[in-house]
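# Tertiary structure, described
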Amino acid sequence: MALPQLTDEQRKAALEKAAAARHARAELREKIKKGEVTLQEVLDSDDPIANRLKVSALIESLPGYGKAKAQKIMDELGISSTRRVKGLGARQREQLVETLSK
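Bear in mind the structure is a predicted one, so any value in this text is a computation, not a measurement.

## Points about the nonpolar core
Within the largest apolar cluster, 22 residues are counted, with the highest numbers of intra-cluster contacts made by Ile32, Val42, Leu58, Ile59 and Leu96. Of all the secondary-structure elements, those providing two or more residues to this core are helix H1 (8–34), helix H2 (39–44), helix H4 (55–61), helix H5 (67–77) and helix H6 (90–100). Not counting chain neighbours up to four residues away, the residues in contact with Ile59 comprise Tyr65, Ala70, Ile73, Met74, Leu96 and Leu100.

## A look at the pattern of salt bridges
Inspection of every chain in the model, using the stated rule, returns three salt bridges. Here Glu60 and Lys67 are joined by a salt bridge, their closest N and O atoms 3.6 Å apart. You can call Glu60 buried: its relative accessible area is 17%. Taking the shortest distance from any N to any O, the salt bridge between Glu94 and Arg91 comes out at 3.8 Å. Taken together, the residues span about one helical turn, with Glu94 and Arg91 both in helix H6 at a distance of three residues.

## Some words on the environment of Lys86
Looking at the element boundaries, Lys86 is found in the loop between H5 and H6. Lys86 sits in the exposed class, given a relative accessible area of 61%. Separated by 31 residues in sequence, Lys86 and Val55 have C-alpha atoms that sit 9.1 Å apart. With near-sequence residues (within four places) excluded, Lys86 lies in contact with Asn51 and Arg93.

## With respect to H1
For H1, spanning 27 residues, the distance from its first C-alpha to its last is 39 Å, which sits close to the expected 39 Å at 1.5 Å a residue. A positive backbone phi angle near 85° is found at Gly35, which sits one or two residues after H1.

## Side note on the side chain of Asn51
Here Asn51 lies in helix H3 (residues 48–51). What makes Asn51 buried here is its relative accessible area of 13%. Residues within four places of Asn51 in sequence aside, it is in contact with Ser45, Asp46, Arg84, Val85 and Lys86.

The rules behind these values
Residues numbered from 1 in each chain as written. Predicted model: local features only at pLDDT ≥ 70, side-chain atom pairs only at ≥ 80, totals over all residues. Heavy atoms only, no water. Core = buried A, V, L, I, M, F, W, Y, C linked by side-chain atoms within 4.5 Å. Buried < 20%, exposed > 50% of the residue type's maximum accessible area, 1.4 Å probe, protein only. Helix = DSSP H or I, 4+ residues; strand = E, 2+ residues; numbered from the N terminus. Contact = heavy atoms within 4.5 Å. Salt bridge = Lys/Arg side-chain N within 4 Å of Asp/Glu carboxyl O. Expected span 1.5 Å × (residues − 1).

Here it is as structure tokens:
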């Protein structure tokens with residue numbers, strides 16, 4: 001399927017929207033890092049920014065976790081590296097909270 005041709009104005013608007021979304025995700029990750037937002041709050045949120053956040057990025061945002069620990073946890077729980085928060089099943093959410101609250 002061919003991509004639609006965008007006018008200059010449509011392209012500019014799409015780029016601005018993408019930049020705003022990246023900025024909002026970065027703000028959310030910073031709040032998680034500072035402890036202003038908890039893991040459970042992100043998982044329970046209806047916010048589209050939180051829902052579109054990759055699970056790996058969420059784990060890496062938690063204090064004391066980096067890429068290696070995040071990948072290990074995701075492998076143990078059987079969560080794909082491309083999975084987003086909204087795509088987690090109820091059981092995966094429970095396991096994630098249980099694992100990260102130890």
